[in-house]
Structure formats: structure tokens, C-alpha cells
Amino acid sequence: MTNSTFDIAAVFAEVRAYDILAIVVILVIAVIIAKIVTTFMKRKLSDRMEKYELNTLITVMWWVIILIGIFIASPHFKVDLTGLLVAGGIIAVIIGFASQSVVSNLVSGIFLILERPVKIGDNISIGDVSGNVEHIHILSTIVRTFEGIYVRVPNEKVFTSNITNFVSNVARRFDYKIGISYREDASVAIRIIQEVIAEEPFALKNPEPSVFVDKLGDSTVDLVVRIWAPSKEWYDLRTSLLLKIKTTLEANGIEIPYPQQVVWVQKALPAEGTRVEPGYREGNGR
Amino acid sequence: MIQFIVYGTYDYSCHITGDGISVDLERFARFLTYKRVCRGESVARTIASENGSIIINPVEPLNLPKEVTRYLEVHFNPIFVEPETTRQLYLTFPVEIGVFIQARGDNDLLDVFSLAKPKYSLYGPPDHGCVTRWHESNIYPEIPDTDPLREGVIDLTIVNGGRTWIEVSRAVFVNAGMTIWYGDYVVMSARMELFSNIVAETRILSTPEKPGMIRSLPAYSAKKVSVVEMVNQIPFYSAKKAFIPEKTGFLMEYGLGENIADD
């Protein structure tokens, strides 16, 4: 047998009892560490990941730790791993280039699962995608848009984009701007709006809703209405309450006018066919 | 036979009416039809059952118009509590009426309605606080006269074990362990332990306010929500959670008065 040929008998002839003990100890430690790490992962991630994905991740993690253990123990086998390391390094570089985006998505997915900026069922906006989170997989996040369209967003994009989570906080505020006529008493309109809000169960008592005159506009006195609602109910409340406010204001004789401009005519318009006298002009203003 | 609405157990052919509420249960072939009208809102259900009964009793006021929270917040005029004292007082809380169907040793919530207007609030900051069912109450030194279909009584014991005066004007209770009793009136017994001006722990006690009262079936456990969630979502912990009782107290950590502390 030549020197270049792998002679297993010769290799193991050099292995002593101390090496065998060291190998056993290292592998036992690796198994214990793998057990601890995978148990921890199971505890921490079981309610955050799909079961089959978690099992895959745990299996991968188990073998990574065991292989690290084998690698650490390899000097005690008296095996020259130089050639293996070179070959492994080349393969690792090739695989690394080929699976760059996959690894990036995987790592982003792990961080997303740990950080939890979004949860399944949350109403979110990521970049130009808005909708409800359907699933958070290890490589991608599935969003069902408000139109019911399935969108798969790679986790790398989720992780590096600005995420707006509309329901992360338990309550949120929304505003209305309501213009009433200059002829109306704004304080009466404010009282009516406050009464309508008070009747709504999900218009929160605290933080207190506020209604105030915000601006004296071109055609209207602009009132601003600010209401806090439970995050999961705000949209339904927002879409139903404005109609109630409008209907109640109108029922109480409060006018919500169209945009308008008052034209003052200084002199009565001449009858048709009559020559316009010098000095006739139109003006406008309030 | 038409009966005036009271809390209790009824058989499958009953017509209960009163105070703007009507509950009818009629046999229809081999089915039952349940019809309820309350404040202009009507609900109809078809039930496949031969023998059983319905139970009408007060339930936690956390279900209407739909369930959004587990917390009841009672707001009252500020009370200054002397250091190292225990004081008993009475508050009111809104009542929702639960209709349960019961047969073969099992019961389930069929319907919930209420004569009390629901209103919700936020206890704590929007990011870490909680949405609460809000109720304004007077403070009573004795058990107040209440309409059992609209309001119940909270028999509240406030304990200030500290060495400073503490002002209290709100109490927040969690629905877990919220035991409601009924008889001449509807009542919950509660305890509020004050730790500082902004922190207290509240707990609904499972003892009746006086002997002879009947314990209400709770809507919370009838929905069996927690069990389903445990089994489907957290299998690793399901066994542990099933055997460890759920915590029934609530730590008020965002203030006891008008000013709510940010975290």
C-alpha cells in the first residue's frame, strides 16, 4: 500500500485509548449540546412556526452540531483532513454563491420569527404589499391582500423593508374632517358629534375623543374629529361612523355645504337686449 | 305558558317575556326553534335536541357587540384610602344575559344579549395597555338597589397595606375566574390590593356574597377558547397548561386614578 492511499488499518493503529476516550467525550458533549439547543428551539418556536418547518430546522441544527463535534474530534482519529478541508472549502464556496439568496431568506426568516414584528392574522403593509399575514414560513411570508390576492414576500425583503403593522398596538386613532356651513353654530355641531361618538361602543372612552374647529375654510368651518378605537375594530367603526355623523347633523339641521363662492352683484343685471351702462361691474367676496 | 323573565332554568317549551325582552323556545318537528328579541334586535336559532333545558343567567359583560377584550373596567369617584386599612364598598357593573342550552350533562352558550349599553376604553398606553369594557359606577356603602337584568353589584374589598394614602378611582378585572352569583340581585365579590399609587392587584373571589345565591354559568368557559388554542397551537405546552390553573388576578400597573401611567 502506498503513502498516498488511505490505509485505515494504519490510521487506527495510531489511535490510543486516550484518543478513543476524547472522541467519546467530545461526541457525548456534542449530543448533549444538540439536545439542549433543539429542545430550546422547540420550546421557543413551537408557537411561532409551522410544525414541519420547525422539525426540519431542528434536524438541520442537530446535524450541524454533531458534525461540528465530529470535526473537533477528528484529530483524535489521526486522519489527515487537509485534502478534505480543501475540497470542502471549494464546495462550500460554490454552494455559498448558489444559495446566497436562500441563506439570506433563511436567516431573515429566523430573525423575523424571533423578533416577531408581524404575527399571523396581523394587518400589515410591507413595501407596496398591504394585507393580512396568512403564514410566516422560514423562507417567505405569505400575505393575503385586501383584494384577496395571494402574495409571497421573501423574508429578506420583509426583514429589510419598512413594516407597518396596523394592529400591533391594541388601539389606534383615526380622524375625520367635517365642514359645516358658516351659518351654523359650530358648538352645537360639536355637541351633536360628541353625542354620536358616545353612542358607539368601540369609540373608546379613554383616550377621550376630541372634536374641535380646526380651520376656517373657503366654504366651510372645518371640524376635526379624532377617535380612538380597538385596532381590530377601527376600520369597521371608521366606515360606519361618518355616515351616522352626517345623518345626525343633517337631521338636526346642520348644513354640510358644497364648495361654494358667493358672488355679489353690485347692480341689478340689465334686461336682455339692453345696453350695458358704463360703470357696471361684477365683484365677489364674502 | 308565558313567564316573566327571571334568571333560572327552563324547559324546552317556554315563552319568557318582560322588560322589552322575549325569549321563545318551540318544538318544530324534531327540532327546536329559539327566538329572542331584545331592544329591537332579534335572533333565531334551530336546535337539534330532544330533551334538555335552557339556562338564563347573568354573564360577564364582555361579549357585546362582539368579544374584543377580557377586561372589565369600573370607574368611580376617587376614594382616598388610609394607610394600613381595609375598606369594603359596593360598585355596580353592567350585566349581559347569557342563554345556555343544556343536555346530557353538557352545556353551551346559545345567545348573549343585554339591556345595558356597551362602551369600551383603553387602560394603559396603546402599545402595552389593554382594551377594557368600561362602566361608570357610583360608590355605595351598602348593597344598592339594582335592576338584575341591567346591573350587578361588585362587593369590593380594598386593602391598602402600605404606609401612604392612595387615591383610587378605577378597578380593572380579568374575565378568568369572574364568578357571578345571582338571587335577589346579581353580585360579584372582589378584592383589590393596593401596592402604590399606580399599582394594584384585583381578583374576583369565587365565594357568594351571601348563602343561597346561585352561581352563574360563565360565557368565558362555555366558549372553550383556551382549550382549543392550547391543543391546536401550542402542543408542546398543552399538557402543562391543562393542569396548571389559569391566573385569575389582574395586575393594574398603569395607574389607579384619572392619570394613566405610561410604561
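Before any of the text, the structure's been laid out above.
Now for a description of the structure that goes with this document. (Residues numbered from 1 in each chain as written. Chains lettered and ligands numbered in written order. Predicted model: local features only at pLDDT ≥ 70, side-chain atom pairs only at ≥ 80, totals over all residues. Heavy atoms only, no water.)

Let's talk about the sheet that holds strand β4 (residues 150–154) of chain A
Sheets are built from strands paired through backbone hydrogen bonds, the pairs being either parallel or antiparallel.
Residue and element names in this part refer to chain A.
Item 1. Strand order in the open sheet formed by five strands is β4-β3-β2-β1-β5, with antiparallel pairing between adjacent strands. Strand pairing shows two members of the sheet lacking a second neighbour, β4 and β5 (163–165), which therefore form its edges. Put simply, the sheet's adjacent strands are angled 40° from each other on average, direction ignored.
Item 2. Two elements, strand β2 (residues 129–136) and strand β3 (residues 140–145), share five bridges in a ladder whose sense is antiparallel. Bridge pairing links Val133 to Val143 in β3. (Pairing = 2+ DSSP bridges. Helix = DSSP H or I, 4+ residues; strand = E, 2+ residues; numbered from the N terminus. Axes fitted to C-alpha atoms, helices over the stretch in contact; angles between N-to-C directions.)

Some points on the packing of aromatic side chains
For any pair of aromatic rings, the description consists of the separation of the ring centres together with the inter-plane angle of the planes.
Item 1. Within the structure shown, the criterion is met by nine aromatic pairs over all chains.
Item 2. One residue, Arg172(A), lies across the ring of Trp234(A), its end atom 3.7 Å from the ring centre. (Phe/Tyr/Trp six-rings, centres within 6.5 Å; stacked < 30°, edge-to-face > 60°. Lys NZ or Arg CZ within 6 Å of the ring centre and 35° of its normal.)

Some points on the pairing of β3(A)
All names here are of chain A.
Item 1. Buried residues dominate β3, accounting for five of its six residues.
Item 2. Taking the residues between adjacent antiparallel strands as the criterion, β2 and β3 are bridged by three residues.
Item 3. The pairing of β3 with β4 spans five bridges and is classified as antiparallel. In the sheet register, Thr141 faces β4, and the bridge partner there is Val153.
Item 4. Remark: four residues form the turn of the hairpin made by β3 and β4, two consecutive strands paired antiparallel; Gly148 in that turn has positive phi of roughly 85°. (Buried < 20%, exposed > 50% of the residue type's maximum accessible area, 1.4 Å probe, protein only.)

What about a nonpolar patch on the surface?
Residue and element names in this part refer to chain A.
Item 1. A surface patch of nonpolar side chains, about 550 Å² in accessible area, is lined by Val60, Val64, Ile68, Phe71, Ile72 and Leu85.
Item 2. Top contributing element to the nonpolar patch by residue count: helix α3 (residues 51–73), with five residues.
Item 3. Among the secondary structure elements, Ile72 is positioned in helix α3. (Patch = residues over 30% accessible without salt bridge, like charges linked within 9 Å, V, L, I, M, F, W, Y side chains within 5 Å. Areas by Shrake-Rupley, 256 points an atom, 1.4 Å probe, with all protein chains shown as cover. Salt bridge = Lys/Arg side-chain N within 4 Å of Asp/Glu carboxyl O.)

What about the interface of chain B and chain A?
Item 1. Opposite the 21 residues of chain B that make contact, chain A presents 22 residues.
Item 2. Summed over both sides, the interface of chain B with chain A buries roughly 1800 Å², with 64% coming from carbon and sulfur.
Item 3. For the interface between chain B and chain A, the tally reads two salt bridges.
Item 4. Between Lys117(B) and Glu199(A) there is a salt bridge, with the nearest N and O atoms lying 3.0 Å from each other.
Item 5. Inspection of the chain B/chain A interface yields 11 residue pairs in polar contact (both at pLDDT 80 or more).
Item 6. Secondary structure elements with two or more residues in the side of chain B that touches chain A: β12 (120–123), β13 (130–136) and α3 (235–243) of chain B. (Contact = heavy atoms within 4.5 Å. Buried area = accessible area lost by both parts, 1.4 Å probe. Polar contact = N/O pair within 3.5 Å; in protein donor to acceptor, adjacent residues only side chain to side chain.)

Some thoughts on the pairing of strand β7 (residues 210–216) of chain A
If a strand is regular, its side chains alternate between the two faces of the sheet.
All names here are of chain A.
Item 1. Here six bridges tie β7 to strand β8 (residues 221–230), and the two strands are oriented antiparallel to one another. When the sheet's bridge partners are listed, Ser210 is paired in β8 with Arg226.
Item 2. Once β7 ends, the chain turns through four residues before running back antiparallel as β8.

Observations regarding helix α8 (residues 234–251) of chain A
Residues and elements named next belong to chain A.
Item 1. Between its first and last C-alpha atoms α8 spans 25 Å; for 18 residues at 1.5 Å apiece the expected length is 26 Å, and the two agree.
Item 2. Within the span of α8, buried status applies to Trp234, Leu237, Leu241, Ile245 and Leu249.
Item 3. In this structure, the buried side of α8 is in contact with β6 (171–180), α7 (186–199) and β8.
Item 4. Downstream of α8 by a residue or two, Gly253 has a phi angle that is positive, lying close to 80°. (Expected span 1.5 Å × (residues − 1).)

Considerations on the pattern of salt bridges
Item 1. Inspection of every chain in the model, using the stated rule, returns 19 salt bridges over all chains.
Item 2. Across the pair Asp128(A) and Lys157(A) runs a salt bridge whose closest N-O atoms are separated by 3.8 Å. Separated by 29 residues along the polypeptide, Asp128(A) in the loop between β1 (123–126) and β2 and Lys157(A) in helix α6 (residues 155–160) bring together distant segments of the chain.
Item 3. Overall, Asp128(A) belongs to the exposed group, its relative accessible area being 69%.
Item 4. We note a salt bridge from Arg36(B) to Glu41(B), for which the minimum N-O separation is 2.8 Å.
Item 5. Arg36(B) gets classed as buried once you look at its relative accessible area, which sits at 2%.
Item 6. Classification of Glu41(B) as partly exposed rests on a relative accessible area of 44%.
Item 7. Because the salt bridges share partners, they merge into one network encompassing Arg173(A), Asp175(A) and Arg226(A).

Describing the environment of Ile190(A)
Residue and element names in this part refer to chain A.
Item 1. With respect to the helices, strands and loops of the structure, Ile190 is situated in helix α7.
Item 2. Residue class for Ile190 comes out buried when judged on its relative accessible area of 15%.
Item 3. Each C-alpha atom of the pair Ile190 and Asn252 lies 12 Å from the other, and the pair is 62 residues apart in sequence.
Item 4. Not counting residues up to four positions away in its chain, the partners in contact with Ile190 are Val211, Phe212, Val213 and Leu223.

Observations concerning the sheet that holds β8(A)
Residues and elements named next belong to chain A.
Item 1. Reading across from one edge, β6-β8-β7 is the order of the three strands in this open sheet, with antiparallel pairing throughout. Edge strands, defined here as strands with exactly one partner in the open sheet, are β6 and β7. Along the sheet, successive strands turn relative to each other by an average axial angle of 25°, direction set aside.
Item 2. Two elements, β6 and β8, share 10 bridges in a ladder whose sense is antiparallel. When the sheet's bridge partners are listed, Arg173 is paired in β8 with Trp228.
Item 3. Seen against the sheet, α7 touches β6, β7 and β8 and runs at an angle of roughly 145° to β7.
Item 4. Packing of α8 onto the sheet brings it into contact with β6 and β8, and relative to β6 it is tilted by some 25°.

Purely spatial values, then, with no claim about function.
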